[in-house]
Amino acid sequence: MLTLSSSITRPLGATVMRGMTRCAPALLSCAPALLLGAAMLTTAPHAEAATPTASQLQQLKQLPRAQQEQLARQYGVDLDSLSTNNSDKDAQNANKAPDTPERIGGEQNQSDNVRHPGKASNQDDDALKPFGYAFFDGKPASMASVDDLPLPNDYQIGPGDTLDIQVFGKENQQYDLTVKRDGNIHFPKYGPMQVAGQTFGKVREQIKAMFEQRVIGVDVTVGIGAMRTMQVYLAGDVKQPGAYTVNGLTTVTQALLASGGIKTSGSLRNIQLKRNGKIIETLDLYDLLLAGDSSNDVRLLKGDTLFVPARGAQVAVEGEVLRPALYELNGSTTLSKAINMAGGALPEGYLSSVSVKRVTESGIQQFSLDMSTAKGQGFTVKNGDDIKIAKSNDALDNAVVLRGEVVRQGAYNFEPGMTIADLVSNTQRDLKPTADLNYALVVREIDAERNIEVLQFKLGQAIDHPNSSDNLRLQQGDQVFVFNNGIDSTFWDKTPSIEVDDDTRESQSRVTLSKGHRNTRPSQFGERQQDDVYIDPATGAEVQTQNQQNQATLAKKLAERDDEGERSLREQELEPIIDRLKDQANNQYNAAIVELGGAVKYPGVYPLPANASFEQLLDAAGGLTEAAYLRQAEITRRQVVDGRLTVRHYPIDVSKAIKGEGPQLTIQRQDRINIKTKPNWHKDNTIELQGEVRFPGVYAFERGETIKDVIERAGGLTEFAYPKGSVFSRERLKRQEEERLKMLNRQLQQEISSLALRRQTSSAQYTTSPSEALSLAEELQNAEAVGRMVISLPRALKGDEVANIMVESGDKLYVPPKNPVVSIMGEVQFTSNQLFEPGMTVSDYIESAGGTKQQADTDRIYVVRADGSVMMPNNSFWFSRSQKQLEPGDTIIVPIDTDYLDGLSTASTATQILYQMGVAWQAVKD
């Protein structure tokens, strides 16, 4: 409602003028505000209360929220009342009954600060809240117009109601008759008729009967054109007490909703409807909220008063119930009824001992009641009682559990006499394809301390042969574990898609192109041929990609896996069982575990099953590998003899132990079984021959074979081979170099750190900063080890025992073709490759490269031979040494002189020295 008085006309007009001045640059954006202000300005002097039109309200809504609030504060407008009231209908018909009850006068009071007994004033969200008050939360939605509502027959007609009477047939007439204060309606032709106090249905029949008696041949319809308005009162613990204007259909709950609801201090179970000072109806909202019973939600009459008294007795129901909350009592209430008000107990609720805490003068009294008895159900609760239903034990009862590689994991109902075959009856239907049929476990608790024992069985035998010993008889609470067999199900169990991605399509097109142009000249497809060749970093050889067996990469991946300590899938699956067995070990009993190592599929620690056999433990480790030595294995056992720990070793024949022959050794706790590997067993011992070998490639060899043996198997060298320049790389040396580079890098970083500390504590200056030195250390860290070994292939082919070394797995030998070139590198004028000329010396080759630079260190020139060895030429004037002749493939290295100073630096240094000498001489002379 907009209320403006003449006293604010002038300030409002000034405000509008200022608004017009501000809106001049952007008049369009401010137009709704100006129109609204002008409308208020024109209506203010003529009426004490003015109402904006619908168009003005629409313009106001188009403004930003901040501008709406500013205008509302400036003109005294309540935005909430404007958004909820129907202004157009009120302006057209001021006497029309409101769709929803309207409050008359008074101030808004939304405060509901009530402190509940026994609860902190600042309750958190987890605290119990009173039940039922959320029914009044939020603003009620606008009700439909009264004209469109179907009028019930029991509606009581009263003064102010308008009857819409239509007569049609022989004559057509329409009457809009309002019930007068005396209770009559007045027909123009037929006189008055008493209708007040009668129901709508009775009045309708009365009017129809009157027309049937007085007019022949007509039909009559009777309706309500406009409903009367009346005034009722809301008092007590409601959020907005006061007088309300309501229509004739308003009920008790509608009036309460219009008032904003009931305070939490008010009662929901004793709402009183008073008429002429007497209580004519009492409404219990719990009937509506809990049972949907609205029979007591009666309609209001003029002058009625709704009174909400203070809340009565209250109990708290919490725990495993459907609706934990604070519930109001209505008279004597049993414990069973209180729990039912909370929606009943949840399935996990423990009803055998329901806790009831009661505050008394002497303290808190505790009751534990069994709801399965009549005494517990009929226990009478009192005001302030705290009822709590605890959670039942979530341990499985009368069940067994199936875990691991099964289709349906979980708990299953246990029946006496149940076996493994009853739990898992079909391999295809109940097990995953990755289930291990030779190794499964039953974990069983054996005492009240929940200590476990482990039973091992073959799942495949238990399913296929139910009468076998592997079909164990289960007990209640057993847990059956089915383990993985190591098959990659993501690859083998999925059907490949027929769709071809872009990468596959591109690779297929390359294959087609290469096949279609197999006889094409190399110059036309030079780039594509270069993609098929790569330089081996270990030997420097050009290797065809399609012929390369990348053994080094595989070995590196395996080494990285070992370094990271990656556990097998079986170890991960067994970890919870192993940890539990270790936890239950004590001073008298060791943990029931054994360790299997050596030539088994899954080396590791395994549970020791009851009455375990040697064959069962081999099944646990996945069985023997092809490298296993069947004649002898070893069991290492720790024993305490005379209070002293001793370790003893027992040999065992694996083949006889598997067959059950010979002396059987009982496996004990914490034994270690080592399955030995066959003598001289080395799987995948290979060497790669590259370059000028008649048949290059990867060759398998037997331990003890030499370089000469492998080359002879490869057909020997070609006529273009240059054996003196052979490059030999060994994987073991490469790994050693990597470790040495790491160690050297750590030492260098330590030296740089100590150097930086010394620099901070002294006045010394260094030509290289520690940060630059650290960058060199990072480059060293990125350096790749080669693992090159200097050999003499010509001597090895002649059978020299020293040069003809035994080959190892991962070796690479590159025999280059003849290349009559000598390379000159380093501090020379022009780095180049010169054609080899017999008789030319190191100096001759350096001169052919333009000579050395000024910063070259001519005293430390050296030659790297084609086979990797280093030769120091004879450049000294004081000592003579025998100098070998240069050969094709040699490289001359001219290093830089690290102590070299350029001319400017030398002159500057000399000038500084002379200056200091002059100053010193002058001081001495003076």
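Computed from a predicted model, the values in this text were never measured in an experiment.

Colleague: Sorry, what's going on with the overall build of the chain here?
Modeller: Per the secondary structure count, the chain includes 27 helices and 42 strands. Buried positions account for 35% of the 926 residues belonging to the chain. Taking the contacts inside the chain whose residues are at least 6 apart along the sequence as the reference set, 62% of them involve residues at least 24 apart. Surface accessibility of the chain: about 56000 Å² in total, with carbon and sulfur atoms responsible for 49%.

Colleague: Would you mind showing me how to read the sheet that holds strand β36 (residues 788-789) here?
Modeller: The strands that make up a sheet pair up through hydrogen bonds in the backbone, lying either parallel or antiparallel. Ordered by their spatial adjacency, 5 strands build an open sheet running β34-β33-β37-β35-β36, and the pairing between neighbours is mixed. Edge strands, defined here as strands with exactly one partner in the open sheet, are β34 (697-700) and β36. Two elements, strand β35 (residues 727-729) and strand β37 (residues 811-815), share 3 bridges in a ladder whose sense is antiparallel. Looking across to β37, one finds that V727 is bridged to Y814.

Colleague: Teacher, can you tell me more about helix α19 (residues 569-583) here?
Modeller: Under the 1.5 Å per step criterion, the end-to-end length of α19 is 22 Å for 15 residues, consistent within 8% with the ideal 21 Å. Along α19, the sharpest kink reaches roughly 50°, centred on E575 and followed within four residues by the proline P576.

Colleague: Which parts of the structure should I look at to understand the side chain of D436?
Modeller: Looking at the secondary structure, you find D436 in strand β23 (residues 435-445). From its side chain, D436 meets the backbone nitrogen of N438 in a polar contact 3.0 Å long. One polar contact links D436 to R570, side chain to side chain, over a distance of 2.4 Å. Once residues within four sequence positions are removed from consideration, D436 is found in contact with L459, F483, N484, N485 and R570.

Colleague: What is the right way to look at a nonpolar patch on the surface in this model?
Modeller: On the surface, a cluster of nonpolar side chains totalling about 390 Å² of accessible area is made up of I487, F491 and W492. As for its position among the elements, W492 is in helix α15 (residues 489-492). W492 gets classed as exposed once you look at its relative accessible area, which sits at 61%.

Colleague: What is the right way to read helix α7 (residues 200-214) from this model?
Modeller: Three or four residues apart is the spacing at which side chains of an α-helix point the same way, because the helix has 3.6 residues per turn. Taking 1.5 Å of rise per residue, 15 residues should cover 21 Å, and α7 covers 21 Å from first to last C-alpha, within 8% of that figure. When α7 is considered as a whole, its buried residues turn out to be F200, G201, V203, I207, M210 and F211. Residues of α7 that are buried make contact with β4 (162-169), β5 (173-178), β6 (184-187), β7 (191-194) and β8 (218-226).

Colleague: Quick question: what am I supposed to make of the nonpolar core here?
Modeller: Note that soluble globular proteins tend to have their nonpolar side chains buried in a common cluster. If you look at the biggest cluster of nonpolar residues, it comprises 42 residues, and the most contacted ones within it are L256, I262, Y327 and L335. It is helix α10 (residues 335-341) that contributes the most residues to this core, 4 residues altogether. When residues no more than four places from it in sequence are discounted, the contact partners of L335 are V354, V356, L369, M371, G376, Q377, F379, V381 and I387. Core analysis: the next-biggest nonpolar cluster, separate from the first, contains 36 residues, V454, F481, A612 and L618 among them.

Colleague: For this particular structure, what's the right way to read the pairing of strand β25 (residues 479-484)?
Modeller: The side chains of a regular strand alternate between both faces of the sheet. Counted residue by residue, β25 has 5 buried out of 6 residues, so it is predominantly covered. Pairing of strand β21 (residues 399-404) with β25 involves 4 bridges; the strand directions are parallel. The residue of β25 that forms the bridge with L402 is V480. Here β23 runs beside β25; their pairing, made up of 5 bridges, is antiparallel. Bridging from a neighbouring strand, L441 pairs with F481 of β25.

Colleague: How do you make sense of the environment of P817 when you look at a structure like this?
Modeller: Relative to the assigned elements, P817 resides in the loop between β37 and β38 (821-826). Overall, P817 belongs to the partly exposed group, its relative accessible area being 36%. A sequence separation of 94 residues divides P817 from P723, and the C-alpha atoms of the two residues are 8.4 Å apart. When residues no more than four places from it in sequence are discounted, the contact partners of P817 are E692, F720 and Y722.

Colleague: Before we go on, may I ask you to explain the pairing of strand β10 (residues 242-247) in this structure?
Modeller: Both strand β9 (residues 229-236) and β10 contribute to a ladder of 6 bridges, which runs antiparallel. Of the residues in β10, the one forming a bridge with Y233 is A243. Two successive antiparallel strands, β9 and β10, enclose a turn made up of 5 residues.

Colleague: What's the story with the environment of T898 in this structure? I'm lost.
Modeller: Within the fold, T898 resides in the loop between β42 (891-894) and α27 (903-925). Judged by its relative accessible area of 66%, T898 falls in the exposed class.

Colleague: Help me understand the packing of aromatic side chains, please; the structure alone is not making it clear to me.
Modeller: Aromatic ring pairs are described here by two measures, namely the spacing of the ring centres and the angle between the planes. Under the definition given, this model contains 12 aromatic pairs. Aromatic rings pair up to connect Y175, F187, Y190 and F211 into one cluster. The cationic tip of K274 hangs over the ring face of F307; the distance from NZ or CZ to the ring centre is 5.0 Å.

Colleague: Explanation requested: unusual backbone geometry in the structure shown.
Modeller: The general pattern is negative phi for most residues beyond glycine and trans for most peptide bonds. Phi is positive for N276, which is not a glycine, with a value near 60°. Relative accessible area serves as the criterion here: at 76%, N276 is assigned to the exposed category. Residues other than glycine seldom take positive phi values, yet R450 does so here, at roughly 65°. Note that R450 resides in the loop between β23 and β24 (452-457).

Colleague: How should I be thinking about the sheet that holds strand β29 (residues 604-607) in this particular structure?
Modeller: Across the sheet, which stays open at both edges, the 5 strands sit in the order β29-β28-β32-β30-β31 with mixed pairing between neighbours. The open sheet has two edge strands, β29 and β31 (644-652), and neither has a second partner. Taking each pair of neighbouring strands and ignoring which way they run, the sheet shows an average axis angle of 25°. Bridge analysis of strand β28 (residues 593-598) against β29 gives 4 bridges, and the strand direction is antiparallel. Across the sheet, V594 pairs through a bridge with Y606, a residue of β29. Helix-sheet contacts for α19 involve β28 and β29, and the interaxial angle to β29 is about 55°.

Colleague: Would you take a moment to explain the pattern of salt bridges for this structure?
Modeller: Think of it this way: side chains of opposite charge can pair up when their charged atoms draw near. Summed over all chains, the structure comprises 21 salt bridges. Here R637 makes a salt bridge to D671, at a shortest N to O gap of 2.9 Å. Placement of the pair is R637 in strand β30 (residues 628-641) and D671 in the loop between α21 (654-659) and β32 (672-677), with a sequence separation of 34 residues. Taken as a pair, R637 and D671 share a single burial class, namely buried. E887 serves as the salt-bridge partner of K724, at 3.6 Å between the closest nitrogen and oxygen. Placement of the pair is K724 in the loop between α22 (707-713) and β35 and E887 in the loop between β41 (870-871) and β42, with a sequence separation of 163 residues. E887 gets classed as partly exposed once you look at its relative accessible area, which sits at 27%. Taken together, the salt bridges that share partners define one network made up of R730, R732, E808 and D811.

Cut-offs used in this document
Residues numbered from 1 in each chain as written. Predicted model: local features only at pLDDT ≥ 70, side-chain atom pairs only at ≥ 80, totals over all residues. Heavy atoms only, no water. Helix = DSSP H or I, 4+ residues; strand = E, 2+ residues; numbered from the N terminus. Buried < 20%, exposed > 50% of the residue type's maximum accessible area, 1.4 Å probe, protein only. Contact = heavy atoms within 4.5 Å. Areas by Shrake-Rupley, 256 points an atom, 1.4 Å probe, with all protein chains shown as cover. Pairing = 2+ DSSP bridges. Expected span 1.5 Å × (residues − 1). Bend = angle between axes of the 7 residues up to and from the residue. Polar contact = N/O pair within 3.5 Å; in protein donor to acceptor, adjacent residues only side chain to side chain. Patch = residues over 30% accessible without salt bridge, like charges linked within 9 Å, V, L, I, M, F, W, Y side chains within 5 Å. Salt bridge = Lys/Arg side-chain N within 4 Å of Asp/Glu carboxyl O. Core = buried A, V, L, I, M, F, W, Y, C linked by side-chain atoms within 4.5 Å. Phe/Tyr/Trp six-rings, centres within 6.5 Å; stacked < 30°, edge-to-face > 60°. Lys NZ or Arg CZ within 6 Å of the ring centre and 35° of its normal. Axes fitted to C-alpha atoms, helices over the stretch in contact; angles between N-to-C directions.

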